[in-house]
Amino acid sequence: MQQIQIPTLAEGRTYLYGRVNKHGDVEHTVLTAVNDERLPRDLQREWAKSVGGVLYNRIDALVIYNEHRDLVKPEAYWTDDDVEWDGACAWCQHFHGGQYGYRKSAALRAVAVSRFTI
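This section reports on the structure supplied with the text. The shown structure was predicted, so the numbers you read here are calculated from the model rather than taken from an experiment.

1. Digging into the overall build of the protein chain
Right, so step 1: A tally of helices and strands in the protein chain yields two helices and seven strands.
Right, so step 2: Mapped in sequence order, the helices and strands of the protein chain form the string β-β-α-β-α-β-β-β-β.
Right, so step 3: Computed over its C-alpha atoms, the radius of gyration of the protein chain comes to 14 Å, within 12% of the 13 Å expected for a compact globule of 118 residues.
Right, so step 4: Here the C-alpha coordinates of the protein chain stretch approximately 45 × 30 × 25 Å along the principal axes.
Right, so step 5: The 118 residues of the protein chain split such that 42% are buried.
Right, so step 6: Residue pairs in contact within the protein chain that sit at least 24 positions apart in sequence constitute 56% of those at least 6 positions apart.
Right, so step 7: Here the protein chain contributes 14 positive and 16 negative side-chain charges, whose respective centroids are spaced 2 Å apart.

Next up, the structure:
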């Protein structure tokens, strides 16, 4: 069986997963940084860009919940995914368990990831 080759990472980065995209390339997702300062989602998006990443999505949040929970506090963290039925809300992952929609103005923590193919 063929295995995904996990790339070498800079210190402080955590490999989350690789997935095969529609072109057959492996897209790697790496946890870049965790921000435990509570901020509204737009400011957390800016923070994620400032550390060379983007806010994680709901799938990334589940991977962290299941495999890397030691990297976050048992609190709520913004995702980059909007709530489909309410433009004023976005999804967050609460590391006690569960994903919820919150108003984007609420002050929550954040996780930044980077994605790349090699």
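2. Brief notes about the nonpolar core
Right, so step 1: Among the nonpolar cores identified, the biggest contains 13 residues, and Leu16, Tyr56, Ile64, Val72, Tyr77, Phe95 and Val111 are the most heavily contacted of them.
Right, so step 2: Of all elements in the fold, only strand S1 (14-20), helix H2 (58-67) and strand S7 (108-117) reach the threshold of two or more residues within this core.
Right, so step 3: The element contributing the most residues to this core is H2, with four residues.
Right, so step 4: Once you skip the residues sitting within four places of it in the chain, Val111 turns out to touch Leu31, Ala33, Val34, Trp47, Val54, Leu55, Tyr56, Ile64, Val72 and Tyr77.
Right, so step 5: Among the nonpolar cores identified, the runner-up in size contains 11 residues, and Ala33, Trp78, Ala90 and Cys92 belong to it.

3. Some words on the packing of aromatic side chains
Right, so step 1: Per the counting criterion, the structure on display carries three aromatic pairs.
Right, so step 2: Between Tyr65 and Phe95 the ring centres are 6.2 Å apart and the planes differ by 25 degrees, which places this aromatic pair in the stacked class. Highlighted residues: Tyr65 in helix H2 and Phe95 in the loop between strand S5 (89-94) and strand S6 (99-103), separated in sequence by 30 residues.
Right, so step 3: Under the relative-accessibility criterion, Phe95 is labelled buried at 3%.
Right, so step 4: Measuring from centroid to centroid gives 5.7 Å for Trp85 and Trp91, while their planes differ by 85 degrees, and the two rings are edge-to-face.
Right, so step 5: Counting every residue linked through ring pairs, the aromatic cluster contains Tyr65, Tyr77 and Phe95.
Right, so step 6: Over the face of the ring belonging to Trp91 we find Arg58, whose NZ or CZ atom lies 3.7 Å from the ring centre.
Right, so step 7: The lysine or arginine in question, Arg69, covers the ring of Tyr65, its NZ or CZ lying 3.8 Å from the ring centre.

4. A closer look at H2
Right, so step 1: For H2, every residue scored as buried is listed here: Asp60, Ala61, Val63, Ile64 and Tyr65.
Right, so step 2: Its buried side turned inward, H2 meets S1, strand S2 (26-39), S5, S6 and S7.
Right, so step 3: Two to three positions downstream of the cap, the backbone nitrogen of Ile59 sits 2.9 Å from a side-chain oxygen, assigning the N-cap of H2 to Asn57.

Definitions and cut-offs
- Residues numbered from 1 in each chain as written.
- Predicted model: local features only at pLDDT ≥ 70, side-chain atom pairs only at ≥ 80, totals over all residues.
- Heavy atoms only, no water.
- Helix = DSSP H or I, 4+ residues; strand = E, 2+ residues; numbered from the N terminus.
- Rg over C-alpha atoms; globule rule 2.2 N^0.38 Å.
- Buried < 20%, exposed > 50% of the residue type's maximum accessible area, 1.4 Å probe, protein only.
- Contact = heavy atoms within 4.5 Å.
- Lys, Arg positive; Asp, Glu negative; His and termini not counted.
- Charge placed at Lys NZ, Arg CZ, Asp CG, Glu CD.
- Core = buried A, V, L, I, M, F, W, Y, C linked by side-chain atoms within 4.5 Å.
- Phe/Tyr/Trp six-rings, centres within 6.5 Å; stacked < 30°, edge-to-face > 60°.
- Lys NZ or Arg CZ within 6 Å of the ring centre and 35° of its normal.
- Polar contact = N/O pair within 3.5 Å; in protein donor to acceptor, adjacent residues only side chain to side chain.

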